[in-house]
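# Chains, contacts and geometry: an overview
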Amino acid sequence: MKKTHHDFPKEILSLFDKFVHGDIDRRGFIEGAGKFAISASVASGYLASLVPDFANAQKIAPNHPDLWIERIRIPSKSGSGVINAYLARPKNLSIFDKLPVIIVCHENRGLNPHIEDITRRIALNGYIAIAPDALTALGGYPGNEDKARELFAKLDQNKIREDFLAAVKFADITEHGNDKVGVIGFCWGGGMANYLAANSNKVNAAIAFYGAPPPLEKVPNIKGKLLLHFAQDDERFNAMWPDYEKALKANHKDYVAFVYPNTVHGFNNDTTPRYNEKMANLAWNRSMNFFNNLLKKKVTTNIEITNAFETALAANEIKGGAYALFEGNKIVFKGAFGTGRGDAQLTTKTKVRVASISKLVTAFCAWKLASEKRFDLDGDISKYLGFKLRNPHFPDAIISARHILSHSSSIRDDGENYRGVIGETLESFFTPNNPNWVDGNHFSDKPIGYFCYSNLGLGLIAQCIENISGQRFDIYAHDNIIKPMGMDCGFNWSLVSDEDVKNSSPLFRRLGNDSFWTVQTDGDPISKPRPIVNTKDNLELKDYKIGTNGLILGPQGGLRANIENLATIGQVILGATPFFDDGLRTNVLKDVWKFDGANAEKDSELITDYATGVGHIKPDDRCPIQGLKTTLYGHYGEAYGLLAGVWVDTTSQKGFAWFINSSLETPQKGGNSGLYAIEETMMNAAARDLSLI
């Protein structure tokens, strides 16, 4: 079995780190081991096990049929005169093919077989990769790691820095280059990557694996974006990070940094036992996404949202989730991460219960009936309910559908008592001497116009839809909204295929200090009659009288949908999918309620303005997206461990949708917005990818 860093005492790994960096020689390593009661023979065995195994770790053959390989010489007038380099790029490029160029900076042993292999890996991702050899002036890499380390100590570091700067200049003008240059480095090369970023305005993106910072006075000169990878257990380099990060922040530099759990220095190097496959793969994928999105000239990227999901997964903060970034009617990026039912991999087709995002589709139903002049959004809603609805505190004030859809109707939830049950009526919540009346607690003592977020109110809207259309709410929504929009979702699993139900994901929470995830809802929907409804007195769905309890089919939170469906919902709000005309969209997206500091009961910290079924996020001091440029329209979702959102910018015609199928029992709170920290993280990441900030 291949050894890992767990097979070595921590003291031995610490000594090996000093050995690798030239602080001690072999004798020093063995003598140092003796101080920990480790014999010379055992210490020698440890050292032999830790040295690189280039042959077995090679991933891309030097004669790979898809690669063009050559050894080149780069002029370096201010350095060593010339520096040798290893170049790899895709084969058979035409004169029109232009690719980014990546400078690969090796560790402190020169251009060894491992770095050549790294260079080929990068080239296969669609780059021209160039790996200079700092040992050129001393004859080049000698074929022996110990000898290479000895030679490295003799180098003139000032000249070597000039040599690598010369390589960046060469990259900028090399044949088939697209004028975009990235640098990546490991250990000593990580420090070189940082140095090049701070000393060349040609560097568009730099990645440093456990590298030393540049001189801090040079940080203001950094032009490109940085991706910095650190091992968890790496005292030497981690000690340098706080001052470096402080300088980056002080100078408003664009960077992303990650510390990888359960790793030691060199965790990306797959030729030694220090290699951590899981974390190395995560770091490598992040690195390639970073380069792809910054150097291949895409307007919208997915690097931030991808990093956000991967980081949360690595920390066991979520079990799974998905996202979609869209521009107009096109999804430009989508992705799914982690697992769902039975640890099945999530896909962008995996359906989950999307909680309050359901309210958007319910609102669409109301909009459609309004567009057909069958539903007066501003008239007395009692006309459509089948009973008179009045707040007993304000008996003369009519309540409209627009009031309800903007949560300013004075109707509120009484705890969790807003589930529809066959055998009960919705009227029983609003008239005295009924089991759901609960002393009239569903009415606020504040007048209409006061914000009370209400799930119960969406049942009233659904009941109106049933009475106007003559159809059960879930059927009307499917026939008039869901299917015509090209979606395959459904309320309470209504009309969703057996295959999609089988491939759906439950919602989960991590309870207390548990490390495992506990199902909260939708654990086994395939075994139940669908749509799933709550009943009593042995009644069934066939016993339900249409237009008597709009809560039955979950208009407030029962939609089961996948991330692609959520993107479509966002595109409808944008107007990119021409389902509603611009006149109607203008009408329903305008403010109905605005927070003035005192006109809200709860949840006003989440949405400070509300339209007709759609929330607004505005760029103010309570905005969850720091630096947001414009107003976003959409809705949050939170229930049973799910956290989610669909938000769009009608100006740029961009938007994003995301969900996680799991969260902690008590997630960490975010900043001033009132959201959880992970919600703010996901939203900020998506907004940065879309250049909304």
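Calculation rules
Residues numbered from 1 in each chain as written. Predicted model: local features only at pLDDT ≥ 70, side-chain atom pairs only at ≥ 80, totals over all residues. Heavy atoms only, no water. Helix = DSSP H or I, 4+ residues; strand = E, 2+ residues; numbered from the N terminus. Buried < 20%, exposed > 50% of the residue type's maximum accessible area, 1.4 Å probe, protein only. Contact = heavy atoms within 4.5 Å. Phe/Tyr/Trp six-rings, centres within 6.5 Å; stacked < 30°, edge-to-face > 60°. Polar contact = N/O pair within 3.5 Å; in protein donor to acceptor, adjacent residues only side chain to side chain. Right-handed = clockwise from strand over helix to strand, strands pointing away. Salt bridge = Lys/Arg side-chain N within 4 Å of Asp/Glu carboxyl O. Pairing = 2+ DSSP bridges. Core = buried A, V, L, I, M, F, W, Y, C linked by side-chain atoms within 4.5 Å. Axes fitted to C-alpha atoms, helices over the stretch in contact; angles between N-to-C directions.

A few words on the overall build of the chain. When helices and strands are counted, the chain shows 21 helices and 24 strands. Each principal axis of the C-alpha atoms in the chain carries an extent, and together these give about 90 × 55 × 50 Å. For the chain, the residues scored as buried account for 58% of the 693 residues in total. Looking at the chain alone, contacts between residues at least 24 apart form 68% of all its contacts between residues at least 6 apart.

Evaluation of the coordinates by the stated rule reveals 30 aromatic pairs. The interplanar angle of 70° and the centroid separation of 5.7 Å between the aromatic rings of F164 and W188 together place this pair among those described as edge-to-face. Note that F164 is positioned in helix 7 (residues 157-173) and W188 in helix 8 (residues 188-199), a separation of 24 residues in sequence. Note on accessibility: F164 and W188 belong to one class, buried. With 5.0 Å between their ring centres and 40° between their planes, F230 and W241 make a pair best called tilted. With F230 in strand 7 (residues 225-233) and W241 in helix 10 (residues 241-250), this residue pair connects regions lying 11 residues apart in the sequence. Each member of the pair, F230 together with W241, is buried. Three or more aromatic residues joined by ring pairs form one cluster here, namely F186, F209, Y210, F258, Y260 and F267.

Positionally, T431 belongs in the loop between strand 12 (421-422) and helix 16 (456-469). By relative accessible area, which is 17% here, T431 ends up buried. Within the structure, the side chain of T431 is placed 3.0 Å from the backbone oxygen of E427, a separation counted as a polar contact. Among the polar contacts listed, one links the side chain of T431 to the side chain of N434, at a separation of 2.7 Å.

Turning next to the pairing of strand 5 (residues 177-186). Consecutive side chains along a regular strand alternate between the two faces of the sheet. Of all 10 residues in strand 5, eight are buried; the element is thus mostly enclosed. A crossover links strand 5 with its parallel partner strand 6 (residues 203-209), the connecting element being helix 8, and its sense is right-handed.

Once that is clear, we can look at unusual backbone geometry. With an omega of 5°, the peptide bond between R530 and P531 qualifies as cis. Following the sequence through the fold, P531 ends up in the loop between strand 15 (518-521) and strand 16 (534-535). Not every positive phi belongs to a glycine, and C187 is a case in point at roughly 60°. Mapped onto the elements, C187 comes out in the loop between strand 5 and helix 8.

What follows covers the pattern of salt bridges. For the structure on display, the rule yields 33 salt bridges. The shortest N-O distance in the salt bridge between R121 and D117 comes to 2.7 Å. You can see R121 and its partner D117 sitting in helix 5 (residues 113-124), four residues apart, about one turn around the helix. Under the relative-accessibility criterion, R121 is labelled buried at 10%.

Here we take up the environment of W658. Inspection of the secondary structure puts W658 in strand 23 (residues 654-660). Considered as a pair, W658 and L196 are 462 residues apart in the sequence and their alpha carbons are 36 Å apart. In this structure, W658 is in contact with A322, Y323, I563, L643, A644, G645, E679, M682 and M683, ignoring residues within four places of it in sequence.

We now examine the sheet that holds strand 11 (residues 352-353). Taking strand neighbours across the sheet as the criterion, the three strands line up as 11-17-13 in an open arrangement whose pairing is antiparallel. Lying at the two open borders of the sheet, with one neighbouring strand each, are strand 11 and strand 13 (490-491).

Okay, the nonpolar core next. Most often, soluble globular proteins keep nonpolar side chains buried together rather than apart. In this structure, L389, F430 and L566 are the most contacted members of the largest nonpolar core, which totals 80 residues. Considering every element that reaches this core, the biggest residue donor is helix 13 (residues 358-371), with nine residues. Listed in part, the 46 residues of the second largest apolar core include A134, L155, A198 and I222.

Looking now at the sheet that holds strand 8 (residues 255-264). Within a sheet, neighbouring strands are paired by backbone hydrogen bonds and run either parallel or antiparallel to one another. Overall, mixed pairing links the eight strands, which are arranged 1-2-4-3-5-6-7-8 in an open sheet. Single-partner strands in this sheet number two, and they are strand 1 (67-76) and strand 8. Here the strands of the sheet are splayed against their neighbours by 20° on average, with no regard to which way each runs. Across three bridges, the pairing between strand 3 (residues 99-105) and strand 4 (residues 128-132) is parallel. Bridged to I103 within strand 4 is I130. Each of strand 1, strand 2 (81-90), strand 3, strand 4 and strand 5 touches helix 5; the most contacted strand, strand 2, lies at about 45° to it. This element, helix 10, spans strand 7 and strand 8 of the sheet and lies at about 160° to strand 7.

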